[in-house]
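Summary of the model geometry
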Protein chains: 2
Amino acid sequence: MAEFLIIGADAAGLSAALQIKRKKSRSDLKVLAKGRIISYGACGIPYVLSGDIASAGSLVHFTPESFREKADIPVETGREAVGLYPETHEVEVKDLDSGRVYREAYGRLLIATGAVPRRLPVLEYGQTGIFTLHTVEDLTAALAFIHETNPRRAAVIGAGNVGLELVEALHRRGMSLVVVDILAEAAANWPQLVRRAVLDKLREKRVDFRPGTAVESAERRGKEFVLKAGSGEIPADIIFSQAGTRPATDWCRDKLRTLPNGALLIDAACRTSKEDIFAAGDCASVFHKVLGAPAHIPLGSTANKLGRLAGINMAGGELEFPGVVGTQIFKFFELSLARTGLSSEDALRAGFEARAVSAKAKDKAGYFPGAADAEVEIVFEPGTGRLLGAAAVCSGNASQFIDPAAAAVTAGLMVRDLAWFDAAYAPPFAPVWNALVSAAFRAAGF
Amino acid sequence: MAEFLIIGADAAGLSAALQIKRKKSRSDLKVLAKGRIISYGACGIPYVLSGDIASAGSLVHFTPESFREKADIPVETGREAVGLYPETHEVEVKDLDSGRVYREAYGRLLIATGAVPRRLPVLEYGQTGIFTLHTVEDLTAALAFIHETNPRRAAVIGAGNVGLELVEALHRRGMSLVVVDILAEAAANWPQLVRRAVLDKLREKRVDFRPGTAVESAERRGKEFVLKAGSGEIPADIIFSQAGTRPATDWCRDKLRTLPNGALLIDAACRTSKEDIFAAGDCASVFHKVLGAPAHIPLGSTANKLGRLAGINMAGGELEFPGVVGTQIFKFFELSLARTGLSSEDALRAGFEARAVSAKAKDKAGYFPGAADAEVEIVFEPGTGRLLGAAAVCSGNASQFIDPAAAAVTAGLMVRDLAWFDAAYAPPFAPVWNALVSAAFRAAGF
């Protein structure tokens, strides 16, 4: 019986563990992890593949040993949660080494099992040469295969932002690329400004991108694969499947309230629908402040925050998470692409009246060396002038525009507030009218 | 008689002119300018001096001719306003070529005369080798002197942010430097985090900085100057006086309400205390949203905004400026230094209870190549948790931290809101916990 039991030893799980220890240093606290490698920056995986980061080991913050040493918290690895018994306050656990299944009792439980890659039924995962880059183990296996066989032609399935980061990495390794996605566009869930910039960049880099294309099969023919997708055959030396993720809640979702995709529904305090069971991170929902509803937006930043909050609350705190506003950013070749709040499509789907306006400006004073183009689109409610969201594309760091926009969305500011926004200005860092403020000025209709 | 008369042809004046023309294309509109060179980016001057920007001409957006061509608005140069007669709706103007003084009648007047450098009574300005870099003409004269005489030793009077930008420029030109300031610290009006970073950098660059030092005289001895300051003699080949600016309102301040320093008091619509007279830019006050009072914070970004707003209102609009929050940023060697809202000192002086906490973090994921240190300090009201201000120092672009902080201050957010703030996260652009959010987390005391 552990007073506090945490299932999962990544962003959410370990953040929670640290907070519980901070608040209740003498508590009986245990962390179970399925994998051997815990506490790693999964978002850095594409940059190890590209060679920007020298080794997969750089992504690992803690080993079970170093975590115990630092925090005095035991992490048992190779333990998979396979069943949940809220009535008796127990989790059924499988020891992956011995195969033994046993029950672990808890006082308070945190489910932080994260997400798992969505798998295409037609692909034979685990086959050499077919990879899903989700864990450090996946990455290590892919790198070993690459070093061994020196693949020249890669097929990537999935052109969401994670797939696109991978596309860049492989392109920079000199591979020729075919990218297929069942959706009609790359970065299909992103605002139009971002989608258009991604498409332009795919063309510029001569990536063979095939939207609206379903994968039918992947067949090994001698040393190569032949991917059948749409009406074509795609020969490839290596295949990456990056078709998104789903919450790793198969083992417990019948016992708890979930979103339709299986994400555990949590309240503002990270409590699930059953007493003494908390959840946080990629396996859980998160309240979306603009939609006013729970959503599933798996992100390392959110997992860290909600892990902290869950830990504090499990240890007796009473914090409430005010919600995310849907901020995201990714790199695609020379571009920094970001969003916050709702896109026009999101807004219309959610029943808002929405209008979008955009503006371009340099990211520094126009006369300053290295000044680069930036474009920002904002989405707002025409009636009230309320800012609903923004998207930004630039060759610098789009967080420069999207973080103030995110703060404005968080605070419920109006476009007229943002039009006169007192943004930082100095020639080496920002122009007099940055693209966010200019877009707001237009939206305000002054 | 001009329906709309604008005195001053820089950020505020020309922004207003363009808006008046946009709103009332057939209006009778005239702009008077004292100098021959109008519409230039004065903030870029240090970067021409350093050589980052190839020529002073790059700073000029419009000539009187190109402005007339683009906007169909006449700008008469060489015209100095020397008197104001609100009763008769007239400005007394001096034609600097002929010396003729005449009156120009207006329907509505905008005073946008900017600021002029503060001059030390003990210095003989205009003497070859003693410069104040305020205009493009000043810059051109200084560059000519530098090319002619190749000065190796520079003395800079004034270590505010503009003086410091100049120090960097001269240092990069290879000059040895002595910097004196009558105040006890460099960047004396900036938050402590910034002051400390500046001082460290001055030491690192081996700049001879003498705080608390009054200049007593500057004497020419053969080819060199000897600056007497404090108890020492400072030999120098060139002297720069950058002792701040004051509003260029000597010609009209007896007719209008002003701040003690002569800045014209304006309301939220940019109206002065006399009917049909508006003011905007460095010659005018600006409402400080956090202080809840007018202040004089001369900045190009504010001048552009209030110029626009004044122009729209002069043409019949009814816009109100919500106020600035005191955002500023500058570059000093490798550092980007920024502030918004109130510093601890500002806050205490203004009667707030204030506490400051700071946090350090990398500006990208820690494992990402090129990740650099960033430090953010936030100031808040301990009772309410209201965010009052922030300062940031980093080697990237501090606007990444200060603009979201500025938005949060604008919106009156609490530190607990900022602690859970949904900031952009991706390894190449931002860490999971950025320094702003971490500081807020500490401030929230969770």
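Since the model is a prediction, treat every value here as computed from it, not as a measurement.

1. Focus: the overall build of chain A
Counting its regular elements, chain A contains eleven helices and 24 strands. Principal axes of the C-alpha set define a box for chain A whose edges measure 65 × 60 × 40 Å. For chain A, the residues scored as buried account for 60% of the 446 residues in total. In chain A, the share of contacts with a sequence separation of at least 24, taken over all contacts with a separation of at least 6, comes to 61%. Distance between charge centres in chain A, computed from 51 positive and 51 negative side chains, equals 2 Å.

2. A look at the relation of the copies chain B and chain A
One copy of the chain maps onto the other through a rotation about an axis followed by a shift along the same axis. Once turned by 180° and shifted 0.0 Å along the axis, chain B lies on chain A with an RMSD of 0.0 Å. Both copies of the chain, as the preceding transformation shows, are related through a two-fold rotation axis. Every residue of chain B has its C-alpha some distance from the rotation axis, and the shortest such distance is that of Pro404(B), at 1.9 Å. A high fraction, 100%, of the interface residues of chain B reappear at the interface in chain A, so the copies pair face to face through one surface.

3. Digging into the interface of chain B and chain A
Interfaces are often described in size by the accessible area the parts lose on coming together. Taken residue by residue, the interface counts 62 residues in chain B and 62 residues in chain A. Summing both partners gives a buried area of about 5600 Å² for chain B against chain A, and 69% of it is carried by carbon and sulfur. Our enumeration of links across chain B and chain A arrives at zero salt bridges. Taken together, chain B and chain A are joined by 18 residue pairs in polar contact (both at pLDDT 80 or more).

4. Thoughts on the packing of helix H9 (residues 399-411) of chain A against helix H9 (residues 399-411) of chain B
Relative to each other, H9(A) and H9(B) sit at 20°, their axes nearing to 8 Å. Looking at the two axes, H9(A) sits roughly parallel to H9(B). Considering only the axes of H9(A) and H9(B), their crossing is right-handed. Residues Ser399(A), Gln400(A), Asp403(A), Pro404(A), Ala407(A), Ala408(A) and Ala411(A) of H9(A) form the contact with H9(B), whose own contacting residues are Ser399(B), Gln400(B), Asp403(B), Pro404(B), Ala407(B), Ala408(B) and Ala411(B). Partitioned by chemical class, the residues of the contact of H9(A) with H9(B) number eight nonpolar, four polar and two charged.

5. A word on the confidence of the model for chain A
Per-residue confidence for chain A gives a mean pLDDT of 96, with 100% of residues at or over 70. For this predicted complex, the interface confidence reaches an ipTM of 0.96, while the overall pTM sits at 0.96.

6. Thoughts on unusual backbone geometry
All names here are of chain B. Its identity is not glycine, yet Ser39 carries a phi of approximately 50°, on the positive side. Assignment of secondary structure puts Ser39 in the loop between strand S2 (29-32) and helix H2 (45-49). Its relative accessible area of 7% is what places Ser39 among the buried residues. Its identity as a non-glycine residue notwithstanding, Asp276 has a phi of 65°, on the positive side. Within the secondary structure, Asp276 is located in the loop between strand S16 (245-247) and strand S17 (277-279).

7. Thoughts on the side chain of Ser301(B)
Locating Ser301(B) in the fold gives a position in helix H7 (residues 300-314). The buried category is assigned to Ser301(B), whose relative accessible area is 2%. With residues up to four places along the chain from it excluded, the contact list for Ser301(B) reads Tyr425(A) and Val432(A).

8. Describing the sheet that holds strand S23 (residues 373-380) of chain A
Residues and elements named next belong to chain A. Spatial ordering of the open sheet is given by S20-S21-S24-S23-S22, a layout of five strands whose pairing is antiparallel. The open sheet has two edge strands, strand S20 (328-332) and strand S22 (355-362), and neither has a second partner. The average angle at which neighbouring strand axes cross in this sheet is 15°, direction not considered. In this sheet, S23 lies alongside S22 in antiparallel orientation, the contact comprising eight bridges. Bridge assignment links Ala356 to a residue of S23, and that residue is Val379. Sheet contacts for helix H6 (residues 192-204): S20, strand S21 (335-341), S23 and strand S24 (387-394); angle to S24, the most-contacted strand, approximately 15°.

9. Considering the domain arrangement of chain A
Residue and element names in this part refer to chain A. Domains assigned within chain A are domain 1 (2-43 + 59-115 + 246-314), domain 2 (119-243) and domain 3 (328-444). Summed over both sides, the interface of domain 1 with domain 3 buries roughly 540 Å², with 76% coming from carbon and sulfur. For the domain 1 face of the interface with domain 3, the top three residues by lost area are Lys289, Val290 and Leu291, together amounting to 75%. Connecting domain 1 to domain 3 are zero salt bridges. Along the contact surface separating domain 1 from domain 3 lie zero residue pairs in polar contact (both at pLDDT 80 or more). Classifying every residue of the side of domain 1 that touches domain 3 by side-chain character gives four nonpolar, one polar and one charged.

10. Things to note about the nonpolar core
Ranked by internal contacts, the top residues of the largest apolar core, which has 205 residues, are Ile111(A), Ile378(A), Ile111(B) and Ile378(B). The contact partners of Ile111(A), leaving out residues within four places of it in the chain, are Ile7(A), Leu84(A), Trp251(A), Cys252(A), Leu256(A), Leu264(A), Ile277(A), Phe278(A), Ala279(A), Ala280(A) and Cys283(A).

11. Digging into the pairing of strand S21 (residues 335-341) of chain B
Residue and element names in this part refer to chain B. The buried fraction of S21 amounts to seven of the seven residues, a majority that puts the element mostly inside the structure. As judged from the five bridges shared by strand S20 (residues 328-332) and S21, these two strands associate in the antiparallel manner. By the bridge assignment for S21, Lys331 is matched with Ser336. Hairpin connection from S20 to S21: two residues lie between these consecutive antiparallel strands, with Phe333 at a positive phi of about 50°.

12. Remarks on the sheet that holds strand S10 (residues 176-180) of chain B
Residue and element names in this part refer to chain B. If you walk across this open sheet you meet the five strands as S8-S15-S9-S10-S11, and the pairing is parallel. Strands with a single pairing partner mark the edges of an open sheet, and in this sheet they are strand S8 (130-131) and strand S11 (208-210). Direction of pairing for strand S9 (residues 153-157) relative to strand S15 (residues 238-241): parallel, over a ladder of four bridges. Across the sheet, the residue bridging to Ala155 is Ile239, located in S15.

13. Focus on the pairing of strand S13 (residues 224-229) of chain A
Residue and element names in this part refer to chain A. For strand S12 (residues 215-221) and S13, the ladder comprises six bridges, and the chain directions are antiparallel. Within S13, the position partnered with Ala218 by the bridge is Leu227. Between S13 and the antiparallel strand that follows it, strand S14 (residues 232-236), lie two residues; Gly230 among them carries a positive phi value of about 60°.

14. Focus on the environment of Phe225(A)
Residue and element names in this part refer to chain A. Topologically, Phe225 is positioned in strand S13. Looking at Phe225, the relative accessible area reads 0%, which means it is buried. A C-alpha to C-alpha distance of 49 Å links Phe225 and Met314, two positions 89 residues apart in sequence. Here Phe225 is in contact with Gln127, Thr128, Gly129, Ile130, Glu219, Arg220, Ile234, Pro235, Ala236, Asp237, Ile238 and Ile239, once residues within four sequence places are set aside.

15. Here's the deal with the state of the cysteines
Summed over the entire model, instances satisfying the criterion amount to zero disulfides over all chains. Left unpaired, Cys394(A) is separated from the closest cysteine sulfur, that of Cys394(B), by 15 Å. Here Cys270(B) is not cross-linked by a disulfide; its sulfur's nearest cysteine counterpart is in Cys283(B), at 9.9 Å. Taking relative accessible area as the criterion, Cys270(B) reaches 1% and is therefore assigned buried.

16. Observations concerning the pattern of salt bridges
The tally for this structure, following the rule as stated, stands at 64 salt bridges over all chains. A salt bridge links Lys228(B) to Glu233(B); the nearest nitrogen and oxygen atoms lie 3.8 Å apart. For Lys228(B), a relative accessible area of 28% puts it in the partly exposed group. Among the charged side chains, a salt-bridge network with shared partners connects Lys30(A), Glu76(A), Arg79(A), Asp95(A) and Glu104(A).

17. Structural notes on helix H4 (residues 136-149) of chain A
Residues and elements named next belong to chain A. Between its terminal C-alpha atoms H4 stretches 20 Å, which fits the 20 Å expected from 14 residues at 1.5 Å a residue. For H4, the full list of buried residues reads Val136, Leu139, Ala142, Leu143, Phe145 and Ile146. Looking at the buried side of H4, the elements it contacts are helix H2 (45-49), strand S8 (130-131) and strand S15 (238-241). The positive-phi residue at the C-terminal boundary of H4 is Asn150, with phi of around 45°.

Basis of the calculations
Residues numbered from 1 in each chain as written. Chains lettered and ligands numbered in written order. Predicted model: local features only at pLDDT ≥ 70, side-chain atom pairs only at ≥ 80, totals over all residues. Heavy atoms only, no water. Helix = DSSP H or I, 4+ residues; strand = E, 2+ residues; numbered from the N terminus. Buried < 20%, exposed > 50% of the residue type's maximum accessible area, 1.4 Å probe, protein only. Contact = heavy atoms within 4.5 Å. Lys, Arg positive; Asp, Glu negative; His and termini not counted. Charge placed at Lys NZ, Arg CZ, Asp CG, Glu CD. Least-squares fit on C-alpha atoms with pLDDT ≥ 70 in both. Buried area = accessible area lost by both parts, 1.4 Å probe. Salt bridge = Lys/Arg side-chain N within 4 Å of Asp/Glu carboxyl O. Polar contact = N/O pair within 3.5 Å; in protein donor to acceptor, adjacent residues only side chain to side chain. Axes fitted to C-alpha atoms, helices over the stretch in contact; angles between N-to-C directions. Parallel < 35°, antiparallel > 145°, perpendicular 65-115°, else oblique. Left-handed = near helix turned anticlockwise from the far one by under 90°. Nonpolar A, V, L, I, M, F, W, Y, C, P; charged D, E, K, R; others polar. pLDDT = per-residue confidence, 0-100. Pairing = 2+ DSSP bridges. Domains from an automatic or database assignment. Core = buried A, V, L, I, M, F, W, Y, C linked by side-chain atoms within 4.5 Å. Disulfide = S-S within 2.5 Å. Expected span 1.5 Å × (residues − 1).

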